[in-house]
Amino acid sequence: MIQVENLVKRYGGRTAVDDMSFVVEEGKIYGFLGPNGAGKSTTMNVMTGYIAADGGRVLIDGHDILTEPIAAKACIGYLPEVPPLYTDMTVWEFLLFAAELKKVAKNERKARVEDLLQRLGLEEVKGRMIRNLSKGYKQRVGLAQALVGEPKVLILDEPMVGLDPKQIIEMRDLIRGLAGDHTVILSSHILSEISAVCDHILIISHGKLVASGSPEELQERMRGTSEQIVTVLGEREQAEEILKKFNAVEHFTFEAGEEEGSILIRLAVKENADIRKELSVALAGAGMPILSMSRSEKSLEDIFLELTETGANGEKTEENAVEAETEEIEEVQADDSDL
């Protein structure tokens, strides 16, 4: 349904999207996951044709978004992070207007809007001015305008931002109900939102695709090694000789312990390996009393943070990317001619 090939987008000397490629299959829900400034919104704006790429291409149902923009955009319904709503209109008036812009046949517009009002739970507010609606209802109206043209592809940028817990659950249910009839792509920087809704997750960091797979595949693939923390009395050199004899220990580090003469050892141990008993015997046999020992497993959230925390050069670079993305998004949203 969607092919993104070697996509590149730069803002001045900064690269917001860096040689990104992926394929989106028809009828599934895909999630863009990454921290603020990772390049999610920029990628979506290029995919929808709102901004042009500096390299690569995007195909929507076989249509190049650059060379066949009308045919490609006809396949897309887009909900930006800030929905493009005319707040001086009622919900009913706005959705009829959106249907006209999407070139829905005149004799079908009212029925199409009525159907969306019912599906999205907007019937009771259809006569209200949009400016008087809550955040949750405004998001639903924005989703309705994205759906009014019956697009094959639905692109949602941070659709649950600013919603309360009840509204988030309702929005998740609405999005899940769209799968099959539509191919859905949504972005978020919150792992729980993405994993609860999506069939496939794309993790983006500093404009690069760093991981891709179903929630289950990513959990299996990204399952971290367990960490054991041991505090002992003794010398580092002696402890190092003992630890080198354990094949299950992938690496270890030393820190000064809180008590005088003690050292704190952090051990990365292979998955499912439990060396606490053997390690205790070995350390005690070498005359190194154990003051404490604990074990912990890295969660998916921990590993996500490791993947997205630093760039390729090890430096945090999110701030510049956030500024660049924000400037571009504001320019795009200033143009009310595109819904």
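Residues numbered from 1 in each chain as written. Predicted model: local features only at pLDDT ≥ 70, side-chain atom pairs only at ≥ 80, totals over all residues. Heavy atoms only, no water.

(A) Focus on the packing of helix α3 (residues 91-101) against helix α5 (residues 135-147). At a closest axis distance of 9 Å, the pairing of α3 and α5 adopts a crossing angle of 25°. Here α3 is positioned roughly parallel relative to α5, judged by the angle of their axes. Read as a crossing pair, α3 and α5 show a hand that is right-handed. Between α3 and α5, the contacting residues are V91, F94, L95 and A98 on the first element and V141, A144 and Q145 on the second. Residue composition of the contact of α3 with α5, grouped by class: six nonpolar, one polar and no charged. (Axes fitted to C-alpha atoms, helices over the stretch in contact; angles between N-to-C directions. Helix = DSSP H or I, 4+ residues; strand = E, 2+ residues; numbered from the N terminus. Parallel < 35°, antiparallel > 145°, perpendicular 65-115°, else oblique. Left-handed = near helix turned anticlockwise from the far one by under 90°. Contact = heavy atoms within 4.5 Å. Nonpolar A, V, L, I, M, F, W, Y, C, P; charged D, E, K, R; others polar.)

(B) Structural view of the pattern of salt bridges. Overall, the coordinates contain 15 salt bridges when judged by the stated rule. D61 is paired through a salt bridge with K152; the nearest N and O atoms lie 2.6 Å apart. Here D61 is found in the loop between β4 (55-60) and β5 (63-64), whereas its partner K152 is found in the loop between α5 and β7 (153-157), with 91 residues between them in sequence. Exposure remark for D61: the relative accessible area of 30% places this residue in the partly exposed category. Residue classification places K152 among the partly exposed positions, given a relative accessible area of 42%. Ionic pairing is found between E170 and K166, a salt bridge with its closest N-O pair at 2.5 Å. Of this pair, E170 and K166 both sit in helix α6 (residues 165-176), four residues apart, roughly one helical turn. Put simply, E108, R112 and E150 are held in one network by salt bridges that share partners. (Salt bridge = Lys/Arg side-chain N within 4 Å of Asp/Glu carboxyl O. Buried < 20%, exposed > 50% of the residue type's maximum accessible area, 1.4 Å probe, protein only.)

(C) Representation of the confidence of the model for the protein chain in the model. Averaged over every residue, the pLDDT of the protein chain is 85; residues scoring 70 or more account for 86%. Taken element by element, the predicted model of the protein chain shows its lowest mean pLDDT in helix α12 (residues 318-333) (41) and its highest in α3 (96). In the model, residues 311-339 has pLDDT below 50 throughout and makes 41 contacts with residues more than four positions away in sequence or in other chains. (pLDDT = per-residue confidence, 0-100.)

(D) View of the sheet that holds β5. Across the sheet, which stays open at both edges, the four strands sit in the order β2-β1-β4-β5 with antiparallel pairing between neighbours. Both outer strands of the open sheet, β2 (14-24) and β5, are each paired with one neighbouring strand and no more. As paired strands, strand β1 (residues 2-11) and β4 are joined by five bridges and run antiparallel to one another. By the bridge assignment, V8 is partnered in β4 with G55. (Pairing = 2+ DSSP bridges.)

(E) The side chain of T90, seen in detail. In this fold, T90 is placed in the loop between β6 (76-79) and α3. Given a relative accessible area of 13%, T90 falls into the buried group. With near-sequence residues (within four places) excluded, T90 lies in contact with K126, G127, R128, M129 and I130.

(F) Representation of the sheet that holds strand β9 (residues 200-205) in the model. Read across the open sheet, the six strands follow the order β6-β7-β8-β3-β9-β10; overall the sheet is mixed. Each edge of the open sheet is held by one strand with a lone partner, namely β6 and β10 (208-213). Mean inter-strand twist for the sheet, computed between neighbouring axes without regard to direction, equals 15°. Pairing of β6 with β7 involves four bridges; the strand directions are parallel. Paired with I76 across the strands is V153, a residue of β7.

(G) Structural context of the environment of E81. Its place among the elements puts E81 in the loop between β6 and α3. For the pair E81 and G162, spaced 81 residues apart in sequence, the C-alpha separation works out to 9.9 Å.

(H) The arrangement of unusual backbone geometry in detail. Even without being glycine, D19 reaches a positive phi, approximately 55°. Owing to a relative accessible area of 44%, D19 belongs among the partly exposed residues under this scheme. The residue E150 is not glycine, and still its phi comes out positive at about 50°. The residue E150 is located in the loop between α5 and β7 in this model. What makes E150 exposed here is its relative accessible area of 52%.

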